[in-house]
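Here are the chains, one letter per residue:
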Amino acid sequence: MLFMDVVGFLQFLVTAANVVQAIGRQQLSTPVCTSDLCHQVAREIISKMDETVDPCVDFFAYACNRLNSSNGLWSEVLRLKISKQLEELFGSGKYTNRMEKKAVDIYNQCINETQDRGIDVHRLLRAIDDLFAGWSLLKNNPNVSAFRLNDVLLRLQQNNIQTIIYLSVERDDFSSDQNILFFRMPGRLYNRWELCAHYPNPCNATGQLMTIWKTIVQRLMKVTNASVQWSTVEKRLEKVLMLDFTLATIPNGTMDFLRRKTFGDLGRPPYRSRFLASFLTLFNNMLNASSVNFRATAATQFGAPLSEYLIKLDQTMAQLERDGDVGLATLADWLWWIALNHYYLVYQEAYHCVKLVKTAMPLTVSRMFFRTYVPNEVVQKAKELTSEIVNGVRDAVLLKTTWMDMGTKETAMDRLNHTLRNVGYPEEFLNNWTLIDGLYAKVQVGKSLYETLRNIDQSSSWINLQKLARSNARSDPFCPADLTEVFAKFYSDINYIVIPESLLQPPILYPSNLDIFNYARFGYIIGHEFTHVLDIGVKEFDTEGGKPFYWWTNATQNNYHARKYTLVDFYNNISTKNDSIDARQTLIENTADNGGYRAAYLAFQDFMRRTGYRIKLPGLEALNESQLFWLIGAQAWCTSPLLKNYDEKHGPNRFHVMGPYMNSEDFGADYRCPLGTPMNPRMKAW
């Protein structure tokens, strides 16, 4: 018996040796790719690598330390490339229909009128005078009795200027086939509110901000030869600043997008201002002015995600009303100042002519880009690869998740199978120029760029309000409109993933002989977004979105909350003094990063088994395909440490690599990192 065991063991050793030799012969026999493209990508990879760094100690440094440009981040590289492509497209003067001609005309007008010119201050102020019927911070003794607040607010809203309330029409989370009005805090105030919540000292630096505001107004007075006394303007400007800070200061505010109120509520306590009590009339006037086939009533609901702002606004307006003409004058000055800021920024942005055309007619621009730069075979390739990655999410993420019970997994599988995908440009809108023509009917090329910019603003406002009168389909031209943006996006409320056409080109998607890039980069992005289908951010929506449905069982929820801290601790332990992460805030995105790489890696390994795909890159012959996969994926995140390419939900770029790679047994095995080394820790997170 012992003899037979020994013989069997020896046979196993011989078999294992033969397998190893076969693998070695296969790697040695894989020819080095000598195409120009292979040489190009190999040079790019080598130029960033720092081979003095042990990849088992710090793989991000190994992959990126020799980056010789300020930013190698994939999204920035792609954004710059797309901008140049669109410049060439618009500059060529070629178009196939009147909508494309309109886009080309706007671009050319922008180029011709912004070359060697500064902002025309006189024209800018005349535009504001039209909105305010002559009221101006730069005039003596303004006639308060002639100032009609609701008329001014109506004109400002028609020109897409966010003032007291930002009125945004969006999908209703309680019924995604319908839209609902949201009362939002205006963006400029919201940004200051967030600043105050996290950085109280700079938030309270009213003196510094006042100095900046005074400088701007003094320059305007000088350019326009204003006769008003500076001491008078200074006092009025100080009141404007205080009103601005009062509205932005909301202690203990919380966002809740499921919070609803009615117009009738605005006329009852705790609201006491005449302004909110009469807002229903103002809003219906706005709808009427935009020819929207919808009328609000006292029972009409609206979303109030930050209800504390409504209370602060009501208290502030009530005080201004009690102050009589003095309060109305301060409010008029504040609105004038907001309009000035809006138009100054709009005209300044107009110097970025590509961005201007994308803002004006995003679907038209997306269609032009798709027709010119995205061949049909690339779209088909991307669709096939997406299906493979979805299988990877199922096998590498969902089925291996230990904290979900079977009931939750079955629902999650159903969600995954019913996720609506848009790869490239939506086929149903590809040649539907009637729809696009109607959507951008109000975008007209004016006699001057200033007139065109006003038309674009008015078109944006009109498109926003028109959504109130229409029902939604899951695949919708309003969601999203600009497909030349570089990020894929998951819409949890309708279980819909958009993979924009911008991603269907290098450095994300390559020809077939460089499929390794397609899995390491495009595959990761797709895997990341499809992991979101399963995560905590979507547990309140049903399979097709739109109907609130808590599909996690109690057991799954308890398991999740017990296990999530392992990933939080894991990422916090990666932090260094100079490069840290808030692992609680970034938990959902970190989870999606781990899922993205796992799904892409599994799909790539399956692809190699099915097709026999092998590749060697010049100068990188020592690396096998699996090692190249990790290196190519990591280099998509290379960037200068001086650049901030992250936000509260997404950690610094280094963590997009270090977290998933350190947490992957496959990475440790592929780079032969001994267990216990930094890149292959003994304890991994779920």
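Treat the numbers as computed from the prediction; the structure is a model and nothing was measured.

On to the packing of aromatic side chains. Within the structure shown, the criterion is met by 41 aromatic pairs. A centroid spacing of 5.2 Å and a plane angle of 85° characterise the contact between Tyr597 and Tyr661, whose relative ring orientation is edge-to-face. Taken together, the residues Tyr597 in helix H24 (residues 587-611) and Tyr661 in helix H26 (residues 653-662) connect sequence positions 64 residues apart. You'll find Tyr597 and Tyr661 in the same group, each marked buried. With a centroid separation of 5.2 Å and 85° between ring planes, the pair formed by Phe629 and Trp630 is classed as edge-to-face. The same class applies to Phe629 and to Trp630, which are both buried.

Phe59, Phe132, Ile164 and Phe283 are the most contacted members of the largest nonpolar core, which has 214 residues in total. Considering every element that reaches this core, the biggest residue donor is helix H15 (residues 325-349), with 13 residues. When residues no more than four places from it in sequence are discounted, the contact partners of Phe59 are Trp630, Leu631, Ala634, Val657, Met658, Tyr661, Phe667, Tyr671 and Met679.

Buried residues dominate H26, accounting for ten of its ten residues. Looking at H26, one finds that the buried residues are Asn653, Arg654, Phe655, His656, Val657, Met658, Gly659, Pro660, Tyr661 and Met662. For H26, the elements touching its buried residues are helix H3 (59-64), helix H22 (515-532), helix H23 (554-574), H24, helix H25 (625-635) and helix H27 (665-670).

Taken together, the three strands give an open sheet; going across it, the order is S5-S7-S6, and neighbouring strands pair in mixed fashion. With one partner strand each, in any of the chains shown, strand S5 (420-423) and strand S6 (489-491) form the two edges of the open sheet. Sheet twist, expressed as the average angle between the axes of neighbouring strands with direction ignored, equals 15°. Pairing between S6 and strand S7 (residues 496-499): three bridges, direction antiparallel.

As a further point, take the pairing of strand S1 (residues 166-172). Here S1 lies mainly inside the structure; five of its seven residues are buried. Pairing between S1 and strand S2 (residues 175-184): seven bridges, direction antiparallel. Considered in S2, the bridge of Val169 is made with Leu181. Between S1 and S2, which follow one another and run antiparallel, lie two residues.

Let us look at the pattern of salt bridges. Within this structure, the stated rule accounts for 15 salt bridges. Close ionic contact of Arg184 with Glu170 constitutes a salt bridge, the shortest N to O distance being 2.9 Å. One end of the pair, Arg184, is in strand S2; the other, Glu170, is in strand S1, with 14 residues separating them in the sequence. For Glu170, a relative accessible area of 23% translates into the label partly exposed. Ionic pairing is found between Lys214 and Glu238, a salt bridge with its closest N-O pair at 3.9 Å. Remark: Glu238 occurs in helix H11 (residues 230-248) and Lys214 occurs in helix H10 (residues 206-224); sequence separation between them is 24 residues. Under the relative-accessibility criterion, Glu238 is labelled partly exposed at 37%. A single network of salt bridges, built from pairs that share partners, joins Lys214, Glu234 and Glu238.

Rules behind the numbers
- Residues numbered from 1 in each chain as written.
- Predicted model: local features only at pLDDT ≥ 70, side-chain atom pairs only at ≥ 80, totals over all residues.
- Heavy atoms only, no water.
- Phe/Tyr/Trp six-rings, centres within 6.5 Å; stacked < 30°, edge-to-face > 60°.
- Helix = DSSP H or I, 4+ residues; strand = E, 2+ residues; numbered from the N terminus.
- Buried < 20%, exposed > 50% of the residue type's maximum accessible area, 1.4 Å probe, protein only.
- Core = buried A, V, L, I, M, F, W, Y, C linked by side-chain atoms within 4.5 Å.
- Contact = heavy atoms within 4.5 Å.
- Pairing = 2+ DSSP bridges.
- Axes fitted to C-alpha atoms, helices over the stretch in contact; angles between N-to-C directions.
- Salt bridge = Lys/Arg side-chain N within 4 Å of Asp/Glu carboxyl O.

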